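Residue-level structure breakdown
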Protein chains: 2
Amino acid sequence: MDVSAETSLGFRPLYLQVREEITRQLASGRWQPGTMLPSEQELARELGVSQGTVRKALDAMTAERILVRRQGRGTFVAEYEESRILFQFFRLYPDSGERLFPISKVLNLSSATPNPREREALGLDDKATVWRISRLRYHGSELMLRETLSLPGQIFQGLSETEEIPNNVYRLYSQRWGITVTRISEKLKAVSADEVDRAALNCAVGAPLLEIRRIAFDLHKRPVEYRESRCQTETMHYASDLS
Amino acid sequence: MDVSAETSLGFRPLYLQVREEITRQLASGRWQPGTMLPSEQELARELGVSQGTVRKALDAMTAERILVRRQGRGTFVAEYEESRILFQFFRLYPDSGERLFPISKVLNLSSATPNPREREALGLDDKATVWRISRLRYHGSELMLRETLSLPGQIFQGLSETEEIPNNVYRLYSQRWGITVTRISEKLKAVSADEVDRAALNCAVGAPLLEIRRIAFDLHKRPVEYRESRCQTETMHYASDLS
DNA sequence: CAGTGGTCTAGACCACGTA
DNA sequence: ACGTGGTCTAGACCACTGT
């Protein structure tokens, strides 16, 4: 690691440089999700720093959930297993009873010119295109929500050829386009069901729904997905932990 | 620090023991919010461990926002300044425009037997009592929400004598009863405004409202506050960041 | 300048998982 | 038995803050 020219101005801790270097190699595909990284000692040798510095970088990436460390086994690239998505990125819980992974039913997939909300959320101009995926999601047999996913056509090239949109789209993003979702920002409002909601969710017009507008960011902090969900919350709730 | 008898079974890292010891001394009032802790070197001497171990304990407590570290100055006990509450524990934002600290107007303070929700949230039995505080909250001049706070009478003794409930109740809990809120759990639903909402919030009956049920926990992970809020979200939203 | 936290190193030993 | 991450130590030096 180049640690020179670091006097007072523009000082950057070594372990942050190491973290960036490892993130770069990760994004470039050196290690696939689920595989093991070299040991701390080996990385330290490769990068020309001490093991403690590598450790601090790996600890930071573990805190960001980009890596998973298992004592006695090694350090692994995080995967998008169902359980991880369920606990980390999906905040709807049944009021009582067991938590189930939401089953999805895709209604529609199309390409379009982005609307203003999509443009703002995804940082696109009006010459760009987006894929739009509409789907319903169920908790067991119970219809929970309807939502539309918007994806930049520029990034998700060849999407329409995909035989089927799976339940777990983040794993698809990772496997097919090498995109790792690391952070999600959501804005929630209570809204009244309109005619479209009534038809899709089989609720009364005017019934209260929880609207969620989500932006998902990748390793480079680039917005890669915009999502609008409308949820019935009679038997479900959205859980938020602040600490 | 007693580090003996730590072979394989019941192994507890030293830095966790140090963290607990410091938390204990903190809860016992050795250092007040806003004051400086002894330096790492000094704590290390006191506790008979190395500076690195103290550092790891302090880093953990800083991550939990119990402490604040300022390079070149020292390590301080976190305070409940307006800005901290605003950013850490209050998730409602205006859709556009500047964020303001919510102004509160207390409607009512009473003592009561806990209802089932309060009993469950606060872990009380039906022989306990709770204080109930009803209030309205404004963002600037705009009425944002109405809420009821429920506090265990056992913990918050002498509350009714308080001349006034301030805007920032967490600072009051800290200053008057030495209670430090460290974690908050919230459950959100979309609900329809009822007659009480209409009267309090000046909205239509049936209008969609965001209902928030909050439980606040102290340093010992004990529930100390239960709160039910009903919010208008026409010009506001609830922000949630997942990472 | 002195004192604080922040970074970095090097090495020892421990706990864990697998073979 | 071996290799991995996890803990702990000791010491050096750097960056930041206030005097």
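These remarks concern the structure in this document. (Residues numbered from 1 in each chain as written. Chains lettered and ligands numbered in written order. Predicted model: local features only at pLDDT ≥ 70, side-chain atom pairs only at ≥ 80, totals over all residues. Heavy atoms only, no water.)

Further remarks concern the interface of chain B and chain A. Every contact between the two is made by 32 residues of chain B and, on the other side, 32 residues of chain A. Between chain B and chain A lies a buried interface of about 2,500 Å² when both sides are counted; carbon and sulfur atoms form 50% of it. It is Lys189(B), Leu242(B) and Ser243(B) in chain B that bury the most area against chain A; as a group they hold 27% of the surface buried on that side. Applying the counting criterion to the chain B and chain A interface returns four salt bridges. Across the salt bridge formed by Asp95(B) and Lys189(A), the nearest N and O atoms sit 2.6 Å from each other. In this assembly, chain B and chain A are joined by 23 residue pairs in polar contact (both at pLDDT 80 or more). Those elements that provide at least two residues to the side of chain B that touches chain A are α4 (82-89), β7 (181-192), β8 (208-218) and β10 (236-242) of chain B. (Contact = heavy atoms within 4.5 Å. Buried area = accessible area lost by both parts, 1.4 Å probe. Salt bridge = Lys/Arg side-chain N within 4 Å of Asp/Glu carboxyl O. Polar contact = N/O pair within 3.5 Å; in protein donor to acceptor, adjacent residues only side chain to side chain. Helix = DSSP H or I, 4+ residues; strand = E, 2+ residues; numbered from the N terminus.)

On to the sheet that holds strand β9 (residues 223-231) of chain A. Spatially, β4(A)-β5(A)-β6(A)-β9(A)-β8(A)-β7(A)-β10(B)-β3(B) is the arrangement adopted by the eight strands of the open sheet, whose pairing is antiparallel. A single partner strand is all that each edge strand has here, and the edge strands are β4 (103-112) of chain A together with β3 (92-94) of chain B. Adjacent strand axes in the sheet meet at a mean angle of 25° when their direction is disregarded. When strand β5 (residues 130-139) of chain A meets strand β6 (residues 142-152) of chain A, the two strands line up antiparallel, connected through 10 bridges. Counted as the bridge partner of Arg135(A) is Glu147(A) from β6(A). Sitting on the sheet, helix α4 (residues 82-89) of chain A touches β7 (181-192) and β8 (208-218) of chain A together with β10 of chain B, and the angle it makes with β7(A) is about 55°. (Pairing = 2+ DSSP bridges. Axes fitted to C-alpha atoms, helices over the stretch in contact; angles between N-to-C directions.)

Attention now moves to the packing of aromatic side chains. Counted by the stated rule, this structure contains eight aromatic pairs over all chains. Judged by centre distance (5.0 Å) and plane angle (70°), the rings of Phe156(A) and Trp177(A) are edge-to-face. Here Trp177(A) lies in helix α6 (residues 169-177) and Phe156(A) lies in the loop between β6 and α6, a separation of 21 residues in the sequence. Side by side, Phe156(A) and Trp177(A) carry an identical accessibility label, which is buried. Ring geometry for Tyr170(B) and Tyr173(B): centres 5.4 Å apart, planes at 50°, overall tilted. Of the two residues, Tyr170(B) and Tyr173(B) are both situated in helix α6 (residues 169-177); the distance of three residues between them amounts to about one turn of the helix. (Phe/Tyr/Trp six-rings, centres within 6.5 Å; stacked < 30°, edge-to-face > 60°. Buried < 20%, exposed > 50% of the residue type's maximum accessible area, 1.4 Å probe, protein only.)

This is a description of form; function is not addressed.
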